[in-house]
Amino acid sequence: MTNRTKRILAIAIKVAILVLVAWVLYHKLNNHRNLREFERLMRNLGSQTVAITLSVVVSLMVVNWLLEAVKWRYLCRYIEPITLWRAVQSVFCGLTWAVFTPNRIGEYGGRVLFLKPRKRIFGVVAMGVGALAQLVLVSVAGSLSIAWFANRFLGLDTIAGGAIWLLAVGYAGFFLLLYFNVAWINGWIKRIAFLRKFHRFFEILTRYSRRELLIVFLNSLARFVIFTSQYCILMLVIIPGIDFLPMLLLIFILFFVQAALPTLDLFDFGVRSVTASYLYAHITDQDLAVMAIASCIWFINLILPAILGSVFVLKINFFGDTAN
């Protein structure tokens, strides 16, 4: 293609993405019953409480994604040095792309398009390291919380309950071991015939030391604490009588289920709401409030950043270096 054709095609893709984002979000949010229920609940709390609560939750969202941008920039050290501002743009752009893809796979494409063309596949692998760190935390906290839930609410006998705990500990241990030995993945790729030709892209995994992996892990832990805190704040404000520890452990299970089930960000509120309603029915009868809180978090953490990220879609150069 000529340069002129590439420019025209790039503009057409960007316009199509922005129109699609606007159209789908309008139709989904315009008919979102749980968000309307959340609005009703917040009106009953008083304007000052609402303003403070939502300000804190939205501020935590901003910090959350800024930390992700810092992590992304750090992971790119061995691929292509980028500024923090460019990392922020790519993270929010990726969130816009994630809206339309199962388990947010599109986030990879939206983000690595801010790297040079020959570096983008390496960027996908590096981004996978950061995603694995987040998954490890969700898997460890979630699996152990599921063991607690099964023993407390499902009426298991001692043997079955012990087996569940053993399975959970083994599952959590596997993910921790894999993460801090992520270079093993490169070795496995070399041993699989049809993947062997791609192993050069995974060589970057061998460059991350355990100290660097620990830094990425601690960044991911900070993010985990942040989005856990968002749920805790809203639940304690809207359902003040709820028991804190069971509430916290059920949040971990909710994260685990969300990570395990393939879904679209646009429809993720359904998974969150139904799962949250089932889990919290064991400790509270405020199921509508729980579903409304889950939907509010979905909107603040995923949809609002996706809307903001649509601005940065315009910065992408699909066929060359991204404009600054």
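Residues numbered from 1 in each chain as written. Predicted model: local features only at pLDDT ≥ 70, side-chain atom pairs only at ≥ 80, totals over all residues. Heavy atoms only, no water.

1. Some remarks on the side chain of Thr228
Phase 1 of the analysis: Of note, Thr228 is situated in helix α10 (residues 210-238).
Phase 2 of the analysis: Of the residues examined, Thr228 reaches a relative accessible area of 6% and is grouped as buried.
Phase 3 of the analysis: When sequence neighbours within four positions are dropped, the list of residues in contact with Thr228 reads Leu248, Ile251, Phe252 and Phe255. (Helix = DSSP H or I, 4+ residues; strand = E, 2+ residues; numbered from the N terminus. Buried < 20%, exposed > 50% of the residue type's maximum accessible area, 1.4 Å probe, protein only. Contact = heavy atoms within 4.5 Å.)

2. Considering the packing of helix α3 (residues 47-75) against helix α6 (residues 120-153)
Phase 1 of the analysis: Remark: α3 packs on α6, axes separated minimally by 9 Å, with the N-to-C direction vectors making an angle of 135°. The pairing of α3 with α6 is recorded here as oblique in orientation. Crossing geometry of α3 relative to α6 is assigned as right-handed. For the pair α3 and α6, contact is made by Lys71, Trp72 and Leu75 and by Gly123, Ala126, Met127, Val129, Gly130 and Gln134, respectively.
Phase 2 of the analysis: Each residue belonging to the contact of α3 with α6 can be placed in one class, and the counts come to five nonpolar, three polar and one charged. (Axes fitted to C-alpha atoms, helices over the stretch in contact; angles between N-to-C directions. Parallel < 35°, antiparallel > 145°, perpendicular 65-115°, else oblique. Left-handed = near helix turned anticlockwise from the far one by under 90°. Nonpolar A, V, L, I, M, F, W, Y, C, P; charged D, E, K, R; others polar.)

3. Some details on the environment of Met235
Phase 1 of the analysis: Within the secondary structure, Met235 sits in helix α10.
Phase 2 of the analysis: A C-alpha to C-alpha distance of 7.5 Å links Met235 and Val290, two positions 55 residues apart in sequence.
Phase 3 of the analysis: Among all residues touching Met235, those that are not within four sequence positions of it are Pro240, Ile242, Met247, Tyr280, Val290 and Ile293.

4. Comments concerning the packing of aromatic side chains
Phase 1 of the analysis: In this structure the tally under the stated criterion is 17 aromatic pairs.
Phase 2 of the analysis: Each ring, one from Tyr171 and one from Phe175, has its centre 4.9 Å from the other, and the planes form 55°; the classification is tilted. Residue Tyr171 and its partner Phe175 are located together in helix α7 (residues 158-179), separated by four residues, close to a single helical turn.
Phase 3 of the analysis: Relative to Phe255, the ring of Phe227 lies with its centre 5.1 Å away and its plane at 90°, an arrangement referred to as edge-to-face. Taken together, the residues Phe227 in helix α10 and Phe255 in helix α11 (residues 244-260) connect sequence positions 28 residues apart.
Phase 4 of the analysis: Taking relative accessible area as the criterion, Phe227 reaches 12% and is therefore assigned buried. (Phe/Tyr/Trp six-rings, centres within 6.5 Å; stacked < 30°, edge-to-face > 60°.)

5. Remarks on the confidence of the model for the protein chain
Phase 1 of the analysis: The pLDDT averaged across the protein chain works out to 85; a share of 84% of its residues lies at or above 70.
Phase 2 of the analysis: Confidence scores differ between elements of the protein chain, with helix α2 (residues 33-43) showing the lowest mean pLDDT of 66 and α10 the highest of 96. (pLDDT = per-residue confidence, 0-100.)

6. Here we look at the nonpolar core
Phase 1 of the analysis: Counting 81 residues, the largest nonpolar core has Trp72, Tyr179, Phe224, Tyr231, Phe255, Tyr280 and Ile293 as its most contacted members.
Phase 2 of the analysis: Of all the elements in the fold, those that place two or more residues in this core are α3, α4 (84-98), α6, α7, α10, α11, α12 (268-280) and α13 (287-309).
Phase 3 of the analysis: The biggest single contributor to this core is α6, with 13 residues. (Core = buried A, V, L, I, M, F, W, Y, C linked by side-chain atoms within 4.5 Å.)

7. Some points on a nonpolar patch on the surface
Phase 1 of the analysis: Together, Leu214, Leu218, Leu221 and Val225 line one region of the surface with nonpolar side chains, adding up to about 320 Å² of accessible area.
Phase 2 of the analysis: Its location among the elements puts Leu218 in helix α10.
Phase 3 of the analysis: The class for Leu218 is partly exposed, based on a relative accessible area of 47%. (Patch = residues over 30% accessible without salt bridge, like charges linked within 9 Å, V, L, I, M, F, W, Y side chains within 5 Å. Areas by Shrake-Rupley, 256 points an atom, 1.4 Å probe, with all protein chains shown as cover. Salt bridge = Lys/Arg side-chain N within 4 Å of Asp/Glu carboxyl O.)

8. Quick notes on the pattern of salt bridges
Phase 1 of the analysis: Under the counting rule described, the total for this entry stands at seven salt bridges.
Phase 2 of the analysis: A salt bridge links Glu68 to Arg223; its shortest N-O distance comes to 2.9 Å. You can see Glu68 sitting in helix α3 and its partner Arg223 sitting in helix α10, a full 155 residues away along the chain.
Phase 3 of the analysis: Given a relative accessible area of 7%, Glu68 falls into the buried group.
Phase 4 of the analysis: For Arg223, a relative accessible area of 7% gives the class buried.
Phase 5 of the analysis: A cluster of three or more residues bridged by salt bridges with shared partners is formed by Glu68, Lys71, Glu107, Arg111 and Arg223.

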